[in-house]
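Structural overview for review
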There are 2 protein chains.
Amino acid sequence: MTTPLKIAIAGLGTVGMGTIEILRANSQTLKRRAQRPFEVVAVSARDRGRDRGADISNFCWYDDPVKMATEVDCDVVLELIGGGGGIAKSVCENAIAKGRHIVTANKALLALHGTELARASESAGVAFCYEAAVAGGIPVIKTLRESLSGNSVSRIQGILNGTCNFILSSMRSSGSAFGEVLAEAQKLGYAESDPSLDIDGVDAAHKLAILSSIAFGTELDFEGVHVEGIRSISAEDIAFADELGFRIKLLGIAEKTPEGIRQRVHPAMVPISAPISAIEGVLNGVSIEGDFVGPVMLEGAGAGGGPTASAVVADLVDIACGRILPLLGVSSSYLTRPSINPMEDHKGAYFIRMMVYDRPGVLADISATLRDHDISIEGVIQRTRSATEAVPVVVTVHETLERSMNAAMKKIAGIEAIQSPIQAIRIERS
Amino acid sequence: MTTPLKIAIAGLGTVGMGTIEILRANSQTLKRRAQRPFEVVAVSARDRGRDRGADISNFCWYDDPVKMATEVDCDVVLELIGGGGGIAKSVCENAIAKGRHIVTANKALLALHGTELARASESAGVAFCYEAAVAGGIPVIKTLRESLSGNSVSRIQGILNGTCNFILSSMRSSGSAFGEVLAEAQKLGYAESDPSLDIDGVDAAHKLAILSSIAFGTELDFEGVHVEGIRSISAEDIAFADELGFRIKLLGIAEKTPEGIRQRVHPAMVPISAPISAIEGVLNGVSIEGDFVGPVMLEGAGAGGGPTASAVVADLVDIACGRILPLLGVSSSYLTRPSINPMEDHKGAYFIRMMVYDRPGVLADISATLRDHDISIEGVIQRTRSATEAVPVVVTVHETLERSMNAAMKKIAGIEAIQSPIQAIRIERS
């Protein structure tokens with residue numbers, strides 16, 4: 001095969017420009033690996049005149065990416081616009097209808113419309129590739145869809161958002177408060193000016209919903225993900241975690257339980273000795289547990305132009321060689337509706353931090369409330385005392401039902417000497 | 001496609017039986033992922049009567065695996081016999097000649113005959129798959145051949161032998177000597193009765209030669225791998241490593257240098273804070289450095305029936321779906337002879353442990369010899385003193401040429417107050 005693979009690129013941000021750069025820099029080896037050359041036949045972006053650090057004047061330009069996806073004679077459309085619907089969705093739908101393959105880095109689009117896109121790409125007989133959508137340069141989609149195809153997966157646990165991991169790592173190393181570190185991350189370009197998609201856990205939840213669907217053979221169910229972000233994590237929580245032998249990480253966890261599938265994104269205490277604790281800064285890491293392979297862990301850069309474009313190009317090589325899979329690994333006719341096991345049924349250990357005024361009997365009230373909810377205390381830390389100010393009291397509790405925890409927390413919040421809100425962070429030992 | 005993929009299995013050890021078990025246990029999901037069913041049409045092993053913990057009486061049996069590979073009507077032959085030539089090679093060659101795909105876990109065969117097998121399978125138009133040959137259940141072959149295809153790889157570093165990693169981890173946790181821990185590993189089934197392939201680094205070197213070829217697009221060159229094993233590592237080395245903030249690991253490293261490719265397997269001191277230090281016991285881990293993706297690290301079970309069979313089945317699913325690549329990722333016509341950069345040209349830091357009789361001037365002689373070879377001392381440890389017995393003296397030196405180190409070591413070995421042999425372990429910080 002020597003006919004080039006013709007590519008139209010919608011979106012020329014860091015990933016789009018990174019892709020163009022890889023196709024240029026490694027063109028010789030790519031031609032060998034793909035068994036044919038690549039050719040960018042058209043590009044589209046919002047602003048033609050913007051300085052992108054590289055010359056794009058020799059590419060055929062479209063102001064309208066949907067028009068490009070429909071009109072240009074190409075084999076593949078790269079959708080690198082982003083967003084969970086709108087133009088990105090139109091680009092994909094129109095390209096698929098025209099029999100063009102899709103490569104995208106768009107997790108929101110997949111999380112919200114993945115099942116629909118799986119059906120559409122399947123009936124059109126085109127590839128829909130998205131290695132870049134989850135964990136950037138780390139090959140987690142290929143590992144799940146292909147390398148672990150012999151396994152029944154029981155659990156996926158990952159650090160899926162580099163912004164949050166950077167903030168939590170920096171809070172620990174600097175001892176600074178959340179707000180300060182967020183401002184620093186924004187200055188360094190690790191956080192957006194509106195950081196909410198990242199720090200509220202939504203981005204990680206998009207990615208988790210995708211991994212969960214592939215692993216369990218279910219339709220995408222973003223609504224079924226329990227999501228908590230990291231805004232409430234204080235410098236004190238980080239310090240206590242350290243003292244107790246934990247790191248605080250924003251984890252995405254998808255797991256099969258006897259009662260259904262649980263998908264959750266929330267800050268968690270993980271043991272310092274666990275390999276996932278060593279994943280610091282903007283790095284991502286994903287651990288997948290298969291019934292025959294055991295746990296497999298992947299780590300690397302979860303974002304950035306180079307790593308994300310590396311994943312985009314790997315998808316292009318797969319398409320060039322005809323290595324094409326159904327979007328979620330199996331024909332969409334086999335996908336089932338996931339039966340979601342609600343978070344209230346979660347069983348786990350917890351770290352609880354309360355700000356408490358030093359009044360007689362407060363600790364007795366707390367202990368009694370926990371006992372009344374069948375929750376057993378593992379340890380208590382109170383480091384400081386003050387006659388006038390609230391001081392932190394930390395209680396760790398053994399495995400219990402989240403439902404009981406919620407009820408107990410509500411009761412404890414009513415104790416007069418305790419300031420609200422109470423901080424509760426799940427402990428994940430596995 | 002609903003015609004089954006017909007499989008003949010040569011070799012019914014833990015991997016062969018593990019493969020049969022996966023095909024049985026996960027047959028429903030496998031059929032969906034492979035878009036067709038699997039059918040084991042024949043098996044062959046040395047001893048038909050051996051208790052394998054599962055019934056194999058319903059499979060068509062062959063005493064002669066070569067005859068099976070030639071005669072049986074099948075699509076794929078699994079070569080799970082092992083060994084760098086002999087029957088395993090005959091099975092593959094005969095199956096390829098008959099137009100059958102190969103799946104194997106045989107690293108020795110690939111390291112010694114990979115280029116030849118690449119050419120043969122290519123001209124026959126069959127797949128030659130070997131995900132199971134390197135790092136067991138960890139998808140390092142697919143990651144290198146497919147996921148990182150957009151990158152130029154500059155370096156691969158891995159813990160590629162679980163037996164050695166188990167021994168080194170156990171020596172550290174128990175403080176025991178090499179011989180004792182080896183005997184324990186043999187009792188636990190983590191080391192063979194003849195452990196030399198593992199502990200002398202040969203198995204890791206087989207695997208490294210394969211990774212190196214894929215990464216750099218070169219012919220297999222097992223002879224070009226510098227190999228040292230772990231027999232000489234003492235409990236004292238392990239204790240000193242700990243004191244200096246290092247772990248001792250048997251590493252396989254393949255790297256591109258301006259003067260050619262260097263492939264080396266040897267014990268190395270790695271910083272405790274490096275993620276590779278956390279890979280303990282029988283686990284394997286591989287880190288790959290690409291020009292766009294940066295470092296990507298994979299960890300998991302590098303051996304054992306389940307994990308290795310998981311990799312075998314992934315290859316079967318790829319073949320069933322027609323996802324077929326050239327053996328080394330590119331057509332063998334593109335493979336070049338690697339220009340091997342000899343170990344003497346290696347530049348690095350070293351840990352040197354000497355057993356020294358306490359005579360005046362010994363340390364001065366050592367320092368002077370190092371200085372005369374342009375080697376600069378980083379630190380010295382001498383913990384004990386004795387008037388009658390040799391005591392350990394440890395010197396760590398800054399980056400230097402291995403050629404200078406070898407010359408200096410030879411000189412130092414001639415100092416009368418120093419017992420031979422001298423231990424020198426390379427320090428790997430990256």
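With respect to the overall build of chain A
Of the regular secondary structure elements, chain A holds 14 helices and 16 strands. Relative to a compact globule of 430 residues, whose C-alpha radius of gyration would be 22 Å, chain A shows 24 Å and is just as compact. In terms of overall dimensions, chain A has C-alpha extents of about 80 × 45 × 35 Å along its principal axes. Relative to its 430 residues, chain A shows a buried fraction of 55%. A separation threshold of at least 6 residues defines the contact pool for chain A, and within that pool the share at least 24 residues apart is 76%.

Focus on the interface of chain A and chain B
Each side of the interface is counted separately: chain A has 45 residues, and chain B has 45 residues. Its residues assigned to classes, the side of chain A that touches chain B comprises 21 nonpolar, 17 polar and seven charged. Judged from the three bridges that link them, strand β12 (residues 294-301) of chain A and strand β12 (residues 294-301) of chain B form a sheet pairing that is antiparallel. In the sheet register, Glu-299 of chain A faces β12 of chain B, and the bridge partner there is Met-297 of chain B.

Quick look at the pairing of strand β9 (residues 246-257) of chain B
Residue and element names in this part refer to chain B. Most of β9 sits inside the fold, with 10 of its 12 residues counted as buried. When strand β7 (residues 153-159) meets β9, the two strands line up antiparallel, connected through four bridges. Bridge pairing in β9 links Arg-155 to Glu-255. Two strands pair when backbone bridges link them, and β9 and strand β10 (residues 260-271) are joined in this way by 12 bridges, in the antiparallel orientation. Across the sheet, residue Leu-250 finds its bridge partner in β10, namely Pro-267. Count of turn residues in the β9/β10 antiparallel hairpin: two residues.

Re the relation of the copies chain A and chain B
You can overlay chain A on chain B at an RMSD of 0.0 Å; the transform is a turn of 180° with a shift of 0.0 Å along its axis. Viewed as a symmetry operation, the transformation between the two copies matches a two-fold axis. A share of 100% of the interface residues of chain A reappears at the interface of chain B, consistent with the copies meeting face to face through the same patch.

Details of helix α10 (residues 202-216) of chain A
With 15 residues, α10 of chain A extends 21 Å from end C-alpha to end C-alpha; this agrees with the ideal 21 Å at 1.5 Å per step. At the exit of α10 of chain A stands Gly-217 of chain A, carrying a positive phi of roughly 65°.

Re the domain arrangement of chain A
Size of an interface, as often reported, equals the accessible area lost when the parts are brought together. Residues and elements named next belong to chain A. If you check the domain split of chain A, you get domain 1 (5-133), domain 2 (140-302 + 331-343) and domain 3 (346-427). For domain 2 versus domain 3, the distance between C-alpha centres works out to 26 Å. On the side of domain 3, 12 residues touch domain 2, which itself brings 13 residues to the contact. Listing elements by their share of the side of domain 2 that touches domain 3, those giving two or more residues are α11 (235-243) and β10 (260-271). When residues of the side of domain 2 that touches domain 3 are assigned to their parent elements, the largest contribution, five residues, is made by β10. Tallied by class, the residues present in the side of domain 2 that touches domain 3 amount to seven nonpolar, two polar and four charged.

What about helix α6 (residues 140-147) of chain A?
Summarising burial for α6 of chain A: eight of the eight residues are buried, a large majority. Packed against the buried residues of α6 of chain A are α10, β11 (283-290) and β12 of chain A together with α6 (140-147) and α12 (305-320) of chain B.

A short note on the sheet that holds strand β3 (residues 61-62) of chain A
Residue and element names in this part refer to chain A. One open sheet accounts for six strands, arranged β3-β2-β1-β4-β5-β6; its pairing is parallel. The open sheet is flanked by β3 and β6 (128-129), the only strands paired with a single partner. Looking at chain direction, strand β4 (residues 76-79) and strand β5 (residues 101-104) are connected through four bridges and run parallel. Paired with Val-76 across the strands is His-101, a residue of β5.

Definitions and cut-offs
- Residues numbered from 1 in each chain as written.
- Chains lettered and ligands numbered in written order.
- Predicted model: local features only at pLDDT ≥ 70, side-chain atom pairs only at ≥ 80, totals over all residues.
- Helix = DSSP H or I, 4+ residues; strand = E, 2+ residues; numbered from the N terminus.
- Rg over C-alpha atoms; globule rule 2.2 N^0.38 Å.
- Buried ≥ 20, exposed ≤ 12 C-beta atoms within 10 Å, placed from the backbone.
- Contact = placed C-beta atoms within 7 Å.
- Nonpolar A, V, L, I, M, F, W, Y, C, P; charged D, E, K, R; others polar.
- Pairing = 2+ DSSP bridges.
- Least-squares fit on C-alpha atoms with pLDDT ≥ 70 in both.
- Expected span 1.5 Å × (residues − 1).
- Domains from an automatic or database assignment.

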